[in-house]
Structures are given as structure tokens and as C-alpha cells.
Amino acid sequence: MSDETRTSHGSRASRRTLRGLAAAAALLLAGLAAAPVAAAAGERTQQTRRGDLVAVTPVADRDAGQVRSFLTGWDVDADGVRYGLRAYRLTYRTVDPYGTPTTATGLLTLPRGGGHRLDLVSDTHGTMVDRDYAPSVSEDFGRVPSYVNAAAGRAVAAPDYLGLGKGPGPHPYLDTASSVTASVDMLRAARTAAERLGRPLTGAVYATGFSQGGQVAMALGRALDEGADRHFRLVALAPVSGPYDLEGQEMPALFDGRVNDTSGVLYIAYWLVAQNRLHPLYKDPSEAFRAPWASRVEGLLDGSHEQEDVVRGLAPSVKQLLTPAFYERLRHPSGAVLDAMRTADHTCDWKPDVPVRLYAAAGDTDVPLGNTRTCARTLAGQGARVRVVDQGAVDHFGSVLVSAPQVVRFFDGVRR
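Just so we're clear, the structure is a prediction, and the values are computed from it rather than from any experiment. (Residues numbered from 1 in each chain as written. Predicted model: local features only at pLDDT ≥ 70, side-chain atom pairs only at ≥ 80, totals over all residues. Heavy atoms only, no water.)

Regarding its fold elements, the chain presents 16 helices and 10 strands. The long-range share in the chain, meaning contacts at least 24 apart out of those at least 6 apart in sequence, stands at 79%. When the accessible surface of the chain is split by element, carbon and sulfur atoms take 49% of a total near 15,900 Å². (Helix = DSSP H or I, 4+ residues; strand = E, 2+ residues; numbered from the N terminus. Contact = heavy atoms within 4.5 Å. Areas by Shrake-Rupley, 256 points an atom, 1.4 Å probe, with all protein chains shown as cover.)

Quick look at the environment of Asp132 now. Summarising the element assignment, Asp132 is placed in the loop between β5 (118–124) and α4 (144–151). Not counting residues up to four positions away in its chain, the partners in contact with Asp132 are Val137, Ser138 and Lys166.

What follows is about helix α3 (residues 64–73). All buried positions along α3 are accounted for by Ala64, Gln66, Val67, Phe70 and Leu71. Buried residues in α3, looked at end-on, bunch into an arc of 160°, giving them a common side. You can read the cap of α3 off the contacts: a side-chain oxygen lies 3.1 Å from the backbone nitrogen of Gly65, and it is on Asp63. Looking one or two residues past α3, Asp75 carries a phi angle of roughly 60°, positive in sign. (Buried < 20%, exposed > 50% of the residue type's maximum accessible area, 1.4 Å probe, protein only. Arc of directions from axis to C-beta. Polar contact = N/O pair within 3.5 Å; in protein donor to acceptor, adjacent residues only side chain to side chain.)

In a packed pair of helices, the relevant descriptors are the angle between the two axes and the axis-to-axis distance. One way to put it is that helix α13 (residues 324–331) packs onto helix α14 (residues 335–343) with a least axis distance of 9 Å and a crossing angle of 45°. In terms of their interaxial angle, α13 and α14 are classed as oblique. Helix-helix and strand crossings are classified by hand; for α13 and α14 the assignment is right-handed. Within the contact between the two elements, α13 uses Phe326, Arg329 and Leu330 and α14 uses Ala336, Val337 and Met341. In terms of residue class, the contact of α13 with α14 is built from five nonpolar, no polar and one charged. (Axes fitted to C-alpha atoms, helices over the stretch in contact; angles between N-to-C directions. Parallel < 35°, antiparallel > 145°, perpendicular 65-115°, else oblique. Left-handed = near helix turned anticlockwise from the far one by under 90°. Nonpolar A, V, L, I, M, F, W, Y, C, P; charged D, E, K, R; others polar.)

With 89% of its residues at a pLDDT of 70 or more, the chain has an overall mean of 91. Scored below 50 in pLDDT, residues 2–45 shows 86 contacts in the model against residues more than four places distant or in partner chains. (pLDDT = per-residue confidence, 0-100.)

Cis geometry marks the peptide bond from Ala291 to Pro292; its omega dihedral reads 5°. Relative to the helices and strands, Pro292 is located in the loop between α9 (285–288) and α10 (297–300). Despite not being glycine, Tyr161 shows a phi value in the positive range, around 75°. If you trace the backbone, Tyr161 turns up in the loop between β6 (155–159) and α5 (176–196). Taking the relative accessible area as the measure of exposure, Tyr161 reaches 1% and is therefore buried. Of note in this structure, Ser241 is not a glycine but carries a positive phi near 55°. Tracing the backbone shows Ser241 in the loop between β8 (233–240) and α7 (246–256). Judged by relative accessible area, which is 1%, Ser241 ranks as buried.

What follows is about the pairing of strand β7 (residues 201–210). In terms of burial, β7 is a largely internal element, 10 of the 10 residues being buried. Where β5 and β7 come together, six bridges link them in parallel fashion. When the sheet's bridge partners are listed, Asp123 is paired in β7 with Thr208. The pairing of β7 with β8 spans seven bridges and is parallel. Its bridge partner being in β8, Gly209 is matched across the sheet by Pro239. As for the winding sense of the linkage, the β-α-β connection from β7 through helix α6 (residues 212–225) to β8 is right-handed. (Pairing = 2+ DSSP bridges. Right-handed = clockwise from strand over helix to strand, strands pointing away.)

Right, here's the structure in full:
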């Protein structure tokens, strides 16, 4: 579900090197627009719409060599890099889980070269507790898929989701419906921005995403297939390591050892705090969390704390974190807890009419492979043809680092 334990997928020295590169590139950004490019006053209407573009802010300008350096710093195959890229933070209008108008941000990445009109990749990211780690804000792990795909010649729209990046409010973690609305509206904003930047979009969409974003990519694919926006047509679907089956796979894995303790604690705390805003799971944190964590868990997960600080502030295991009664309630879910799980568990229950590949890894102890197997069986049961790519003994983050260039090659081979 995540971009969680960052120390597990790259050395601190590597991250310092990459951040140094980002700092050095600030001079390049100075040559771009110094202020956000707001929507033209003449184009405003009294009634705003979902997906309306509010602002475009340049955040990166990289030549092909710099892109290769960024990717190889994460041990990602950079052989497919053909172009440099330019990236922009988009601020756009969308709705919150209750349908109330709000704004969100996301990253639009365009290749520096290639065709004039561009196909579009939707890249939906994994679990993030720190809003400033979102793709449009931080040039870090979360930008790997965007950079791989843009450097191969496609535009990439990567939503930050609600409450992350520069968007207001808390993030409704694993609320699939609002993640999809934010993602569809990001596609709309990207269409407008790309047109203004002189790189119009063709309307073809290739959907991918990692971890939490793998589940979102599957749900987004379904929404596009069902006509969520007439300007976009789904062309291919390639999620990576998504938690497609909370009830049958991911939640049981928290208790049977298939999910490691550190990630399990982070996931369940984040999920309970976020879902409790949408469903009546508990009236007071002390009903779900043991002391002393009950008094601090909601504050730790307010979007302003780095992941390492959140993990340090919580219990070392799920059993130690939760009260005995709530621990058993999650092991044997019913009522509102079960409803919250099942609300997210139908993203694979449809028949895509486009090529589908599901990427995952047997060595994943964050989102076990069983999630992907369940999704593949569900899709096949609807008559879809699906190929599962098992990356073997790599861990959760390794699954996307290995898969991202393979996804690009898969997209390259898909005929529109």
C-alpha cells in the first residue's frame, strides 16, 4: 500500500545525492515561470467544474542525462530513457468524499521531445503519511514511475490525492471513491495544462499505479471504461502490488505474519484513523488503540509528520498497538469495520476490454502476492484476459523499481 519504509529501498546517502541534484537544478527552474500560471481571467465562469485548472507551477526541468542519473540512483533500469522532461504542479478543482467542492494538486510530467500530441499515463502513488512527500512536491521515490514514462515519450498525470501535496484537509486513506474522483479530475486538469503548454493530449490513457495506487489504478480503469469522461479512453492497465483484497488477503496478512510488523502498524493505524472520519469505527481512539498510543495516533497521522517519526511514535507490533477487543474485531470483522473493507474491495470486479498486466512480487511483506492473485481470478471470472508478472524475491518497493521499466515496455507494445 505504500511509499512507506523509505530506508528499506535506498541508502540515505543516495537520497542526499538526489536531493543535491534537485537543489542544483533550482537554477534551471529559475528559467521557468517564476510564479504559478493561473487560469486566465477571461476563461473563468461563475460556476466552476470538477477538473478546472487553478494553477500550473513548474517544479522540474531535466535533460535525459539527469533523468538517467535520478533513475539509476534508485537502481531503476534507465535504458528506456529517450528524452529529458519538464514537470509541473497542477492545482485543480475536485470534490471531497462527501461531494463538497475542494482543490487538489498533482504532478504533470511532459517529455522534452517526441511527438507534438501525447498519449497520457495515469500514475497513482502508494501510501504516504507526509503530505510534502507527494509527487508534485518532493523529487523522491514517488516520481520514479512518472519520470520513467515521460522519458519514454508520454505525458504523465500523477495525482497527489486529497489532502496530500498542497491540497487542503486530511487524506482519506484507502477511500477508493474519492481517490478515483481526484484521479479523473487530475486527468482533466492535465488535458487543459498540456494544451496551454503546447503539448496537446490524444485522449489515450494508460493506467498504472503502485501499492495503494495499484488499487486506485484498477478502479480508475473501470471508471474510464464506464465513461467517466468522454475525452479519455482507456488503452492499457498495468497496476503494481495493489491491495485489491482487504477482507480476504491484506487484513488477515496483518495477523498471520505475511505483513512485516513495521508496515503493519503503519497501515492499520493510518487506515483506522482515516476511515473513522468516514465510518463510525470508534468514538474515542482509546477504544481502538492502547495507551500511550491512543493519545497520540491521530496527531501523528495529521499529514505533517515524516513517516519515520510516525513509525517511531507507534507500537512495535499490531498486537501491541490495538486494544484486545479491537484486535479481535479486526481479525473477525463485522459491521462498520467489514463495510469499510468491502467498500474498497470491488476494484477488480469488472471486465476490461484492454490489455491488462498485474505486477507483484512473492517477496513482498507489505502487500502480499495473494492480493494480486485474487484480483487476477476475479478479472478472469468476468471474462478478462490477465497476465500476472511475479517479480520474485524482491520486497515491496523493489516490485515497483523492477516493474516500472517493464510497464513502459508493455505500454510501448500496446496498439491503440
